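These are the residues of each chain, in order.
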Amino acid sequence: MKTFKGFGLSQALENSLERMNYTTPTPIQAQAIPIALDGHDIMGTAQTGTGKTAAFAIPLVEKLLTDPQGCALVLTPTRELGKQIMDIMHQLLGPKSPIKTAFIIGGEPMGKQFNQLRNHPRLIVGTPGRINDHLERGSLMLDDAHFLVLDETDRMLDMGFTIQLERIFKYMPKERQTLMFSATLPKNILKMSENYMTNPKRISVGETNVVAAKIKQEVIRIEQDQKYSELLTQLTERTGSVIVFVKTKHNADRMADRLRRDGHTSEALHGDLRQTKRDKVMVNFRKQNFRILIATDIAARGLDVPHIEHVVNYDLPQVAEDFIHRMGRTARAGAEGAAVSFVSNADGRKWHAIEMLINPELAAQKKAANGNERRRGKKPSSGKSFAGKGNFKSGKARSPKKSHDDNNSFGKKKSYGEKSSFKPRSGESSYEDRPARKERGEGKSYSDRPRNDRSRDDRPKSDRPGNDRPKQERGEKKSFGDRPMKKRSEGKSYQDRPQGKKPANGKKFTGKPQGAKPQGNKPHGNKPQGKRRAA
Ligand code: AMP
């Protein structure tokens, strides 16, 4: 399909596309739009920055325009991605559209969302946790939502949203059209598509494990304590907007501060920031009010900021696939971009996993070569960069200059994650946006509960089954607390004893009947005074 005209879209939608300067469909749009317009389910994989959002947004808006009863739900893993999708939807609906929308994401006030939901929205974009919350409260009904889009499905599952997604499916009509997009298709996604989709058509554009060809990549072998001064060098050598990926939220904040002190304009973006702050950072970055965004992997996926020219992998990602997603933040929609990755000695396993993903043949060759060297008693060839083959245009191993900054504590310590296995740990960036324990269906952790309700059952006491009947009726024994005070111990309490029977001075009151013999194995100190052996 050469132009959007061939799809037979409504005039209003064609006008919107013209306003947005969308003249030619991208390959994923050319494949997905006609299939979706025909009413089929879609299971799609597409490289980042390929126009995937419009590939589902165009047919979705067309359905809303042509079916006055139709409602649609779009689920997305992160709030930022949701916001981008919502923006595209609004642009496609047009400025004067009567179709109401609701944006239901975590971290925003419930009141605002109740108002949006009361307005009978026909399009809802949201994150699974908050959508579920509204479904359970009864503030959201999905009976008429016959169109469902799951964007970045693999990410949603990685973040622990499986239970929420399955609950949401149950609230939706069985007769519906489902479009599922994912960067990868692991088994759990294929299973989900089997269970919740009807004969989905498979579409795929480009290899999802390939970094866009227009990204000029560089790899720098470096020690952890030299990274910051190398970053300063890189920032001075490069021009244009930069996104720097770090591993933890804390380091994102610290690095943004530190760069500001070193004369750069910089802000941090991570999952611990309040939503208003996150929005503000993104708006300012889009407007180029500052140059360097320091982000955790919350920003690895889907963020579409066309002016990002450089990606710096200050820390390697916890999940190898995120390397590809991070790269996708530059060279958007056919533009050029550059990326530099700092690889320290402690990053061996992570880097190998990334190489295996991007260029498995070369990675296998290198591994074999290292193995041979080891067998011959040589040290493996560390310090060699990933040479400019495959997707990497150049690779250089450098010994960056040491600066006084390097002695600073920032980034000096090796973090636990670098030594341990390649799985993300909770609290690290890959999982930071994931739902709370309760939303993941794991129940509150003991310490999350209010002090007076640290029982196993999460429901308020009054909601628990059988609570309105006495314990005997429920066939339960009386609990310790149910007995009258005086019967709780076999002996009387200290205060209950008549004055004259108080234990003799110095003796502890043990609660045992007076004549009780000490247990054979009791520690020496527990024996009645008179029976103590002489020392
Ligand atoms: P996405 O992969 O959906 O994040 O889109 C990447 C970028 O491509 C965004 O800036 C879109 O606005 C842009 N884009 C998507 N489809 C088209 C199109 N058909 N023509 C021009 N730009 C597009």
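Residues numbered from 1 in each chain as written. Predicted model: local features only at pLDDT ≥ 70, side-chain atom pairs only at ≥ 80, totals over all residues. Heavy atoms only, no water.

(A) Quick look at the overall build of the protein. What the protein contains, in helices and strands, is 16 helices and 13 strands. Put simply, the protein has 535 residues, and 46% of those count as buried. Counted over contacts in the protein with a minimum sequence separation of 6, partners at least 24 positions apart contribute 71%. Put simply, the protein shows about 28,200 Å² of open surface, and 49% of that area lies on carbon and sulfur atoms. (Helix = DSSP H or I, 4+ residues; strand = E, 2+ residues; numbered from the N terminus. Buried < 20%, exposed > 50% of the residue type's maximum accessible area, 1.4 Å probe, protein only. Contact = heavy atoms within 4.5 Å. Areas by Shrake-Rupley, 256 points an atom, 1.4 Å probe, with all protein chains shown as cover.)

(B) A look at the nonpolar core. In this structure, Phe56, Ile58, Leu60, Val74, Met89, Leu92 and Leu123 are the most contacted members of the largest nonpolar core, which totals 40 residues. Tallying contributions element by element places helix α3 (residues 52-66) first for this core, with eight residues. Sequence-distant contacts of Met89, that is, excluding residues within four places in its chain, are made with Phe56, Ala57, Leu60, Val61, Val74 and Leu123. Core analysis: the second largest hydrophobic core is formed by 28 residues, Ile243, Val281, Ile298 and Ala299 among them. (Core = buried A, V, L, I, M, F, W, Y, C linked by side-chain atoms within 4.5 Å.)

(C) Layout of the packing of aromatic side chains. Going through the model one piece at a time under the given rule, you end up with six aromatic pairs. The ring centre of Tyr228 lies 3.8 Å from the NZ or CZ of Arg258, which sits over that ring. (Phe/Tyr/Trp six-rings, centres within 6.5 Å; stacked < 30°, edge-to-face > 60°. Lys NZ or Arg CZ within 6 Å of the ring centre and 35° of its normal.)

(D) Seen up close, the site of the ligand. Close to the ligand lie 13 residues; Tyr22, Gln29, Gly51, Thr53 and Asp304 are nearest. In this structure, Thr53 approaches the ligand through a side-chain N or O atom, which is 2.6 Å from an oxygen atom. Protein contacts shield 80% of the accessible area of the ligand, which totals 500 Å² for the unbound molecule. (Near = heavy atom within 4 Å. Polar contact = N/O pair within 3.5 Å; in protein donor to acceptor, adjacent residues only side chain to side chain.)

(E) Quick peek at the pairing of strand β4 (residues 123-126). Residue alternation in β4 divides its side chains into two sets, Leu123 and Val125 and Ile124 and Gly126, and both sets are buried. Sheet topology places strand β2 (residues 71-75) next to β4; four bridges connect them, and they run parallel. Note on β4: the bridge partner recorded for Val74 is Val125. By the bridge criterion, four bridges tie strand β3 (residues 101-104) to β4 in an arrangement that is parallel. Across the sheet, residue Thr101 finds its bridge partner in β4, namely Leu123. (Pairing = 2+ DSSP bridges.)

(F) Local environment of the side chain of Asp297. Positionally, Asp297 belongs in the loop between β11 (292-295) and β12 (308-313). Of note is the side chain of Asp297, whose polar atom sits 2.8 Å from the side chain of Arg326.

(G) Quick peek at the packing of helix α1 (residues 11-19) against α3. In the contact formed by α1 and α3, the axes pass within 9 Å of each other and the chain directions differ by 145°. Pair α1 / α3 crosses with right-handed handedness. Residues Ala12, Leu13 and Leu17 of α1 touch α3, and the partners they reach there are Ile58, Val61, Glu62 and Leu65. For the contact of α1 with α3, a count of residues per class yields six nonpolar, no polar and one charged. (Axes fitted to C-alpha atoms, helices over the stretch in contact; angles between N-to-C directions. Left-handed = near helix turned anticlockwise from the far one by under 90°. Nonpolar A, V, L, I, M, F, W, Y, C, P; charged D, E, K, R; others polar.)

(H) Geometry of the environment of Gly82. Its place among the elements puts Gly82 in helix α4 (residues 79-93). Separated by 44 residues in sequence, Gly82 and Gly126 have C-alpha atoms that sit 6.2 Å apart. Apart from the residues lying within four places of it in its own chain, the contact partners of Gly82 are Thr76, Phe103 and Val125.

(I) Molecular detail of unusual backbone geometry. Here the phi dihedral of Glu152 falls at roughly 50°; this positive angle occurs in a residue that is not glycine. Within the element layout of this structure, Glu152 appears in the loop between β5 (145-150) and α7 (153-158). With relative accessibility at 4%, the residue Glu152 sits in the buried group. Positive phi is not limited to glycine here, since Gln288 has a value of about 60°. Secondary-structure assignment places Gln288 in the loop between α12 (275-286) and β11.

(J) Region of the structure containing the environment of Tyr196. Relative to the helices and strands, Tyr196 resides in helix α9 (residues 187-196). We classify Tyr196 as partly exposed; its relative accessible area is 22%. For the pair Tyr196 and Phe169, spaced 27 residues apart in sequence, the C-alpha to C-alpha distance is 7.4 Å. Here Tyr196 is in contact with Glu166, Phe169, Arg176 and Thr178, once residues within four sequence places are set aside.

(K) Structural context of the pattern of salt bridges. Per the counting criterion, the structure on display carries 14 salt bridges. Here Lys52 makes a salt bridge to Asp151, at a shortest N to O gap of 2.9 Å. Remark: Asp151 occurs in the loop between β5 and α7 and Lys52 occurs in helix α3; sequence separation between them is 99 residues. Comparing Lys52 with Asp151 shows no difference in burial state: the two are buried. (Salt bridge = Lys/Arg side-chain N within 4 Å of Asp/Glu carboxyl O.)

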